[in-house]
Protein chains: 2
Amino acid sequence: MTTKTVLLVYAHQSAGSFNAAVKTAAVDELKKQGCRVLVSDLYEVKFKATATEDDITGAVKNPEHFCYGNETMLAWQEARLASDIVDEHKKLKEADLVIFQSLTIFIVNFLKFPMYWFSVPAIMKGWMDRVLTLGFAYTLEKRYSEGIFRDKKAMLSFTTGSHETMFSSNGINGDMNVTLWPIQNGVLNYCGFQVLAPQIFWAPTHLSPEAPAGPLGGRRPPPSNEAPLAFPPADIFDKGKGFQLKPEVREKQADSPFGLTVGHHLEKPLPPQSQMKAGV
Amino acid sequence: MTTKTVLLVYAHQSAGSFNAAVKTAAVDELKKQGCRVLVSDLYEVKFKATATEDDITGAVKNPEHFCYGNETMLAWQEARLASDIVDEHKKLKEADLVIFQSLTIFIVNFLKFPMYWFSVPAIMKGWMDRVLTLGFAYTLEKRYSEGIFRDKKAMLSFTTGSHETMFSSNGINGDMNVTLWPIQNGVLNYCGFQVLAPQIFWAPTHLSPEAPAGPLGGRRPPPSNEAPLAFPPADIFDKGKGFQLKPEVREKQADSPFGLTVGHHLEKPLPPQSQMKAGV
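Keep in mind that what you see is a predicted model, and the values were worked out from it rather than measured.

### Things to note about the interface of chain A and chain B
Contact with chain A, which involves 80 residues of that partner, is made by 80 residues of chain B. Here chain A and chain B share an interface that buries about 6700 Å² over both sides, 63% of which is from carbon and sulfur atoms. At the boundary of chain A and chain B, one finds 0 salt bridges. For the pair chain A and chain B, the interface holds 30 residue pairs in polar contact (both at pLDDT 80 or more). Those elements that place two or more of their residues in the side of chain A that touches chain B are α1 (17–32), α2 (68–77), α4 (122–131), α5 (176–189) and β8 (244–245) of chain A. Looking at which element gives the most residues to the side of chain A that touches chain B, the answer is α5(A), with 7 residues.

Shown next, in the form of C-alpha cells:
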C-alpha cells in the first residue's frame, strides 16, 4: 500500500492549549493510520484571505480591467503566482486527501452561535478563492466528475453550535444537507474531488482535549479508504443543450420518489442525508 | 416620506473604468430614488477579512483559549472593538437597506467560471464574520424573525457565469434557490433582515458601462419598497422542544404539496423559486 498524503487545511484562531491539542491529536491519528500529513494552519501563517493583484508577481496583463481569474490563470501558466499560493498548490498536488478543518464553522465555542454564518470562515474561503486557481484546479472542460482532482478526496470537519435536530428540515436552522450543498458541490465536487461524508461534531457541550475531539475521532475506517458521497456524473448533462439533464436520464428518474441530489432535485423531495452519508 | 439610507457593501478588485462606472451608476440610481447612500468598498479600503485577536483593542479576556465571538461581544459592550468594525457598525445602524454587491460572486468576468465558489468572495465573507458581531447583530434570543435587524432590508446583487437554466434543478450547477439558502437564510434572515429578492445578472455576455449593469438596473419598484422573501416566523419552532417545528404547524402543512422553505422542506418538494422571488 502506498503512503497516503493528507493535507489538513486548518482554521482556528486560538493558539491555546485546547486547539493545539486537537490539531496534534488529528495529526497523530492520521500518522497512526499510516498517512503523511501536511498542515496549512491558516491563522498561524496569517494566510492572506483576499484575492487581489498582489497575488501576481510582475505586471498584470490588463490593469484597466483587472480580472482576477484570468490574470491568475496566466500567472499560473507563467509561474508568476505569489509564493504562498505556489506553496499551497504544491501541497495540494501531493495530497490524496484534503481535510478542511475548522472547529468553529457554525459557532462561537461554548456560546453556540452560527458564528461563521452557515459556511466556512473567511480565511478558509480565502484559501478556496486563491488556491483553487483557474487552470490549476478547474477549467470549463474539466469540472465535476471530469474534474482535475478526481483522484483526490476531500472532507469537511467542523463543530456546530446547535444540536443535530435543529439542523433538520423540521428544525429552526433547516436541513444541514442544504447548508452543505454549495460548499461540497460547488467547491469540492466542482474541482472533481471525491467528497467524503463530513465529520460533524454536533453541539459539543464540553470541548476538552480528552473529548472525542480529534477531528477524526471515532471515525472508522480511515477516511482515505471511505466511499465518497454520490454526485451525478457530468455526462448526464447535455453540453450541446445548455448543460441540461438529458431527457433519457430524467425519464429513467421518473419513478424515483426522490430527486438526484440536493441541487438537482427535479421538483421532488430531496434524497435524504445525501450530503451527510455515503451510499444513500 | 423619510429618506431611506442604503448601505452598499461592495466587493470588486478592479479600479478600472468599467467597475467604477457600475458603482457610480448604482449610487446615482439609488440617489435618484431619493436614498442616502453609504458605500463600503471592501477592496478599496483593503478591508481585513480574517477574524483575529487584532479586532479587539486592549487585552483579551481569555488569551489561553481565545474565543472570537465571546471576546468580540465583550469588546463591543466595552467599546473596545477595532475602529474599522465600529465604522461598519455605525453605517449598518443607519441603514434601512443593505445591498451586498459583488460583480463576480460566481464568475471570473468574461471567462464565466464560478470563481467565488457558489458564495460571496472571502473579503465579503470577512465583512459578515467581523461586522455581524454577537450582541450587536444577533443573540440566541434575537434571531430570525425576532432578529435585531428586523426593521432593515438586505439584498444580494451579483452576476453569474452560467445561464439561468444551468442553475436550475435540471441544470448542471443545480438549483440556485439551494445555493442561495445558506447566505440568505443563515446570514441575512438569521439577523432578522427582511431579505429582498436577489438581483442576478445571468451570464452577461458583454459587461459595459452602458449595459443594464447598474446593480439595480431594470429593477422596479425601488428595492426599499419591495416585499421581502418569505421565511417562517421563529415562533413556529418550539423553544422548549429543541426548536422543532410545532406539531400543529406541521399538521397544517400536511396538505401542501411543498415544504415550507428550501431548508425546512419537510421531506416534500421545495417551494419553487422561494429564494428568488417574493410572494411565492
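After presenting the structure, the write-up continues.
### Remarks on the relation of the copies chain A and chain B
Expressed as a screw operation, the relation of chain A to chain B combines 0.0 Å of axial shift with a rotation of 180°, fitting to an RMSD of 0.0 Å. In the structure described here, the two chain copies are related by an operation that fits a two-fold rotation axis. By residue overlap, the copies meet face to face through one surface: 100% of the interface positions of chain A are interface positions in chain B.

### Points about the packing of helix α3 (residues 83–94) of chain B against helix α4 (residues 122–131) of chain B
Residues and elements named next belong to chain B. Contact geometry of α3 with α4 gives a least axis separation of 10 Å together with a crossing angle of 85°. Our classification of the angle between α3 and α4 gives roughly perpendicular. For the pair formed by α3 and α4, the contact residues are Asp84, Ile85, Glu88, His89 and Leu92 on the first element and Trp127, Arg130 and Val131 on the second. Here the residues of the contact of α3 with α4 sort into 4 nonpolar, 1 polar and 3 charged.

### Section: the packing of aromatic side chains
Under the definition given, this model contains 24 aromatic pairs over all chains. Here A:Phe136 and A:Phe149 contribute two aromatic rings whose centre-to-centre distance is 5.8 Å and whose plane-to-plane angle is 70°, an arrangement assigned as edge-to-face. Here A:Phe136, found in the loop between α4 and β4 (153–159), pairs with A:Phe149, found in the loop between α4 and β4; they are 13 residues apart in sequence, far enough to count as distant. A:Phe149 carries the same exposure label as A:Phe136, and that label is buried. With a centroid separation of 5.1 Å and 75° between ring planes, the pair formed by A:Tyr138 and B:Trp117 is classed as edge-to-face. Residue A:Tyr138 is found in the loop between α4 and β4, and its partner B:Trp117 is found in the loop between β3 (97–102) and α4; the two belong to separate chains. We note that A:Tyr138, like B:Trp117, is buried. Each residue in the set A:Trp117, A:Phe118, A:Phe167, B:Tyr138, B:Tyr144 and B:Tyr190 is aromatic and connected to the rest through ring pairs, giving one cluster.

Conventions and cut-offs
- The numbers attached to residues start from 1 for each chain and follow its sequence in the written order.
- All chains are assigned letters beginning at A, and all ligands numbers beginning at 1, according to the order in which they are written.
- Given that the model is predicted, a residue must reach a pLDDT of at least 70 before its local features are reported, and side-chain atom pairs must reach 80 or more before they are shown or counted; all residues, however, enter totals for whole chains, interfaces and linings.
- The basis for the side-chain values is all heavy atoms of the structure; hydrogens and waters are excluded.
- Between two residues, a contact is recorded if the distance between any of their heavy atoms is within 4.5 Å.
- Accessible surface is computed with a 1.4 Å probe, and the buried area is the amount of it that two parts give up when combined, taken over both parts together.
- For this document, the term salt bridge refers to a Lys or Arg side-chain nitrogen within 4 Å of an Asp or Glu carboxyl oxygen.
- Polar contact is defined as a pair of N or O atoms within 3.5 Å, subject to the rule that within protein one atom must be able to donate a hydrogen and the other to accept it, and that residues adjacent in sequence are counted only when both atoms are side-chain atoms.
- Only runs of H or I of at least four residues qualify as helices and only runs of E of at least two qualify as strands under DSSP, and these elements are numbered from the N terminus.
- What sets the superposition is a least-squares fit of C-alpha atoms, and only residues with pLDDT of at least 70 in both copies go into it.
- Think of each axis as a best-fit line through the C-alpha atoms, taken over the contacting stretch in the case of a helix, with angles from 0 to 180 degrees between the N-to-C directions.
- By the definition adopted for this analysis, an angle is roughly parallel if under 35 degrees, roughly antiparallel if over 145, roughly perpendicular if from 65 to 115, and oblique otherwise.
- Three categories are distinguished: nonpolar for Ala, Val, Leu, Ile, Met, Phe, Trp, Tyr, Cys and Pro, charged for Asp, Glu, Lys and Arg, and polar for the others, with Gly belonging to the last.
- Working definition: rings of Phe, Tyr and Trp (its six-membered ring) pair if their centres are within 6.5 Å, and the pair is stacked with planes under 30 degrees apart, edge-to-face with planes over 60 apart, and tilted otherwise.
- The classification of residues rests on relative accessible area computed with a 1.4 Å probe and restricted to protein chains. Under 20% of the type maximum is buried, over 50% is exposed, and intermediate values are partly exposed.

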